[in-house]
Amino acid sequence: MDPVSVTVRVPAKVNVQLGVGGLRADGFHDLANVFFAVALGDEVTATAGEPGAGVTLSCTGPDADAVPLDGSNLAARAARLLAARHGLAEPDVHLHIAKAIPVAGGMAGGSADGAAALVACDALWGLGTPADTLLELAAELGSDVPFALVGGVALGRGRGEILEPLPVTGSYHWVFAVADGGLSTPAVFRECDRLREEAGTGSGDAEVATPDADPALLAALADGDAVALAAALANDLQPAALSLRPALADTLRAGTAAGALGALVSGSGPTCAFLAKDAEGAEAVAAALRASGSCRTAHATHGPVPGAAVAAGSPGIVVPGPGA
Ligand code: C5P
């Protein structure tokens, strides 16, 4: 019989390099986006719904109030998109999101939930969708969704959806400083364009060179060299995030003063990411950030970790007990 409930664990991401090209005619920017999956993650549980209930959502976690529980949520859109691809009518499924990834924080939390919902519904409905079809559906949902399926470390080209897994050695220790309130990704890209216009360099894709992955950063990852990785961390959206949220400079300074090897804004922000020497160093940086008053809270974590996958201990196929 089919499972009645499937739980999928999915990682957040930090961009260890985010090279942003010019604004394209379709409103996106070409990227050289080195994604890195971290253990700080969400869990999405898909449970068969009552007939006619449609797609329903619930969410728990410190930021649950900021998560939209309507049809715009990427997890709900993912369930409907997967069902449509298989020619299924409006599905009846409840999606529960156990949220640990900061909301609108530049860590692709919404995208992660979309990826997790694809995997959870695929298992719940016994569809066995091929990986390349799941990746195609993920790219339709958003630029960061495919990476949440793949995990590890990968170079994202195009708008970030064309992925090439990258070799990486060892485990790295990270700290994420969570800000009060989020930043809108489109607003940060717009600010990046505005700053480029203001600087006189232009912001179109004919004026801005197509970005490329930094060879020093790729070598650091392959060698397992945290000091070299820290030196190569780069985010072209950082000036825009700092322009919209100047107080982030204090957060970056506080983590660096506490001994982080390197610091940058995560994606479009406002979460700030710090690379630490080891697990102990990460705990110390997180404690110093919490005490600094320059962020709402700080989490120590590690990576890389795999992409969205059915959680160990997820009920999977549930055999009804006697009398059920
Ligand atoms: O793909 P996604 O829906 O996550 O993108 C959200 C917004 O971020 C886009 O509408 C666009 O404004 C901006 N974006 C961009 N270039 C990218 C990815 C996102 O300009 N490569």
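So, here's what we can say about the structure.

Details of the site of the ligand
Part 1 of the argument: Every residue lining the ligand is accounted for by Gly27, Phe28, His29, Leu31, Gly142, Ser143, Arg159, Thr185, Pro186 and Phe189.
Part 2 of the argument: For the ligand, an oxygen atom lies 2.5 Å from a polar atom in the side chain of Ser143.
Part 3 of the argument: At a separation of 3.1 Å, a nitrogen atom of the ligand approaches a polar backbone atom of Arg159.
Part 4 of the argument: If the ligand stood free it would expose 450 Å²; the protein chains cover 74% of that surface.
Part 5 of the argument: Where the shell around the ligand is concerned, the elements lending two or more residues are β2 (29-48) and α5 (185-198).
Part 6 of the argument: The residue makeup of the shell around the ligand, split by class, is four nonpolar, five polar and one charged.

Looking at the pattern of salt bridges
Part 1 of the argument: Applying the stated criterion to the full structure yields 13 salt bridges.
Part 2 of the argument: In this structure, the salt-bridge partner of Asp42 is Lys99, at a minimum N-O distance of 2.3 Å. Separated by 57 residues along the polypeptide, Asp42 in strand β2 and Lys99 in the loop between β4 (93-98) and α2 (109-124) bring together distant segments of the chain.
Part 3 of the argument: Residue Lys99 is classed as buried on the basis of its relative accessible area of 7%.
Part 4 of the argument: Where Asp278 meets Lys277, a salt bridge forms, and the shortest distance between an N and an O atom there is 3.7 Å.
Part 5 of the argument: Owing to a relative accessible area of 28%, Asp278 belongs among the partly exposed residues under this scheme.

Brief notes about the nonpolar core
Part 1 of the argument: Counting 64 residues, the largest nonpolar core has Phe36, Val38, Leu95, Trp174 and Leu229 as its most contacted members.
Part 2 of the argument: Judged by nonpolar contacts, the second largest core, of 26 residues, contains Leu18, Cys192, Leu252 and Ala276.

Things to note about the environment of Gly106
Part 1 of the argument: Mapping Gly106 onto the fold places it in the loop between β4 and α2.
Part 2 of the argument: Along the chain, Gly106 and Val14 lie 92 residues apart, while their C-alpha atoms are 7.8 Å from each other.
Part 3 of the argument: Setting aside residues no more than four positions away along its own chain, Gly106 makes contact with Lys13, Ser266, Gly267, Ser268 and Gly269.

A look at the side chain of Ser143
Part 1 of the argument: Within the fold, Ser143 resides in the loop between α3 (131-141) and α4 (145-150).
Part 2 of the argument: Only 3.0 Å separates the side chain of Ser143 from the side chain of Arg159, close enough to count as a polar contact.
Part 3 of the argument: The contact partners of Ser143, leaving out residues within four places of it in the chain, are Phe28, Arg159, Gly160 and Glu161.

Quick notes on the pairing of strand β10 (residues 272-276)
Part 1 of the argument: Counting buried positions along β10 yields five of five residues, so the element is predominantly enclosed.
Part 2 of the argument: Bridge analysis of strand β7 (residues 172-178) against β10 gives five bridges, and the strand direction is antiparallel. Residue pairing across strands places Val175 opposite Phe274, the latter belonging to β10.
Part 3 of the argument: In terms of strand pairing, strand β9 (residues 262-265) meets β10 through four bridges, oriented antiparallel.

Topic: α5
Part 1 of the argument: The end-to-end C-alpha separation of α5 is 20 Å, in line with the 20 Å expected for 14 residues at 1.5 Å each.
Part 2 of the argument: In the core, the buried residues of α5 are packed alongside β1 (5-23), β2 and α8 (238-244).
Part 3 of the argument: Gly200 sits one or two positions beyond α5 and adopts a positive phi of about 85°.

Comments concerning the side chain of Ser111
Part 1 of the argument: Positionally, Ser111 belongs in helix α2.
Part 2 of the argument: Those residues in contact with Ser111 that lie beyond four places of it in its chain are Leu74, Asp144, Val145 and Ala148.

Notes on α2
Part 1 of the argument: Taking 1.5 Å per residue as the helical rise, α2 with its 16 residues ought to reach 22 Å, and the 22 Å between its terminal C-alpha atoms agrees with that figure.
Part 2 of the argument: Counting buried positions over the 16 residues of α2 gives 14, a clear majority of the element.

Describing the packing of aromatic side chains
Part 1 of the argument: This structure, assessed with the given rule, holds four aromatic pairs.
Part 2 of the argument: Pairing Phe35 with Phe147 gives two aromatic rings, centres 4.6 Å apart and planes at 10°, and the pair type is stacked. Of the two residues, Phe35 is situated in strand β2 and Phe147 in helix α4; the sequence distance between them amounts to 112 residues.
Part 3 of the argument: Aromatic pair Trp174 and Phe176: ring centres 6.1 Å apart, planes at 20°, arrangement stacked. A single burial state applies to Trp174 and to Phe176, both of which are buried.
Part 4 of the argument: Here a set of aromatic residues connected by ring pairs shows up, and it is made of Phe36, Tyr172, Trp174 and Phe176.
Part 5 of the argument: When the ring centre of Phe28 is taken as reference, the NZ or CZ atom of Arg159 above it lies at 5.2 Å.

Concerning the sheet that holds β10
Part 1 of the argument: Across the sheet, four strands lie side by side as β9-β10-β7-β11; this open sheet has antiparallel pairing. Unpaired on one side and paired on the other, β9 and β11 (297-303) mark the two borders of the sheet. This sheet shows a mean twist of 25° between the axes of neighbouring strands, independent of strand direction.

Digging into the state of the cysteines
A covalent bond bridging the sulfur atoms of two cysteines is what the word disulfide describes.
Part 1 of the argument: According to the stated counting rule, one finds zero disulfides in the structure shown.
Part 2 of the argument: For Cys59, which is in no disulfide, the shortest distance to another cysteine sulfur is to Cys121 and amounts to 16 Å.

Rules behind the numbers
In this numbering scheme, every chain counts its residues from 1 along its sequence in written order. It should be noted that, the model being predicted, local features are given only for residues of pLDDT at least 70 and side-chain atom pairs only at 80 or more, the latter also being counted only at that level, while totals for whole chains, interfaces and linings use all residues. Hydrogens and waters are ignored; side-chain quantities use all the structure's heavy atoms. For this purpose, a residue is taken to be near a molecule or strand whenever a single non-hydrogen atom of the residue falls within 4 Å of it. Pairs of N or O atoms within 3.5 Å make up the polar contacts considered here, provided that, within protein, one atom can donate a hydrogen while the other can accept it, and that residues adjacent in sequence are counted only when both atoms are side-chain atoms. Per-residue and other accessible areas follow the Shrake-Rupley method at a 1.4 Å probe size, with only the shown protein chains counted as cover for residues. We count a stretch as a helix when DSSP gives it H or I for four or more residues in a row; a strand needs E for two or more, and each element gets its number in order from the N terminus. Classification used: nonpolar for Ala, Val, Leu, Ile, Met, Phe, Trp, Tyr, Cys and Pro, charged for Asp, Glu, Lys and Arg, polar for all others including Gly. Just to be clear on terms, a salt bridge is a Lys or Arg side-chain nitrogen sitting within 4 Å of an Asp or Glu carboxyl oxygen. The buried label goes to any residue with under 20% of its type's maximum accessible area, the exposed label to any with over 50%, and the partly exposed label to all in between, with areas taken from a 1.4 Å probe on protein chains only. What is meant by a nonpolar core is a set of buried Ala, Val, Leu, Ile, Met, Phe, Trp, Tyr and Cys residues, joined one to another through side-chain atoms within 4.5 Å. For this analysis, residues touch if any pair of their heavy atoms sits within 4.5 Å. Paired strands, in this sense, are two strands between which DSSP finds at least two bridges. Helices are assigned an expected span. That span is 1.5 Å times one less than the residue count. Pairing of aromatic rings covers Phe, Tyr and the six-membered ring of Trp, with a centre-to-centre limit of 6.5 Å; geometry is then stacked below 30 degrees between planes, edge-to-face above 60, and tilted otherwise. Throughout this description, the term charge over a ring refers to an Arg CZ or Lys NZ atom that lies within 6 Å of the ring centre and within 35 degrees of the ring normal. In this analysis an axis means a line fitted to C-alpha atoms, helices contributing only their contacting stretch, and an angle means the value between N-to-C directions, from 0 to 180 degrees. To count as a disulfide, a pair of cysteine sulfur atoms needs to be within 2.5 Å.

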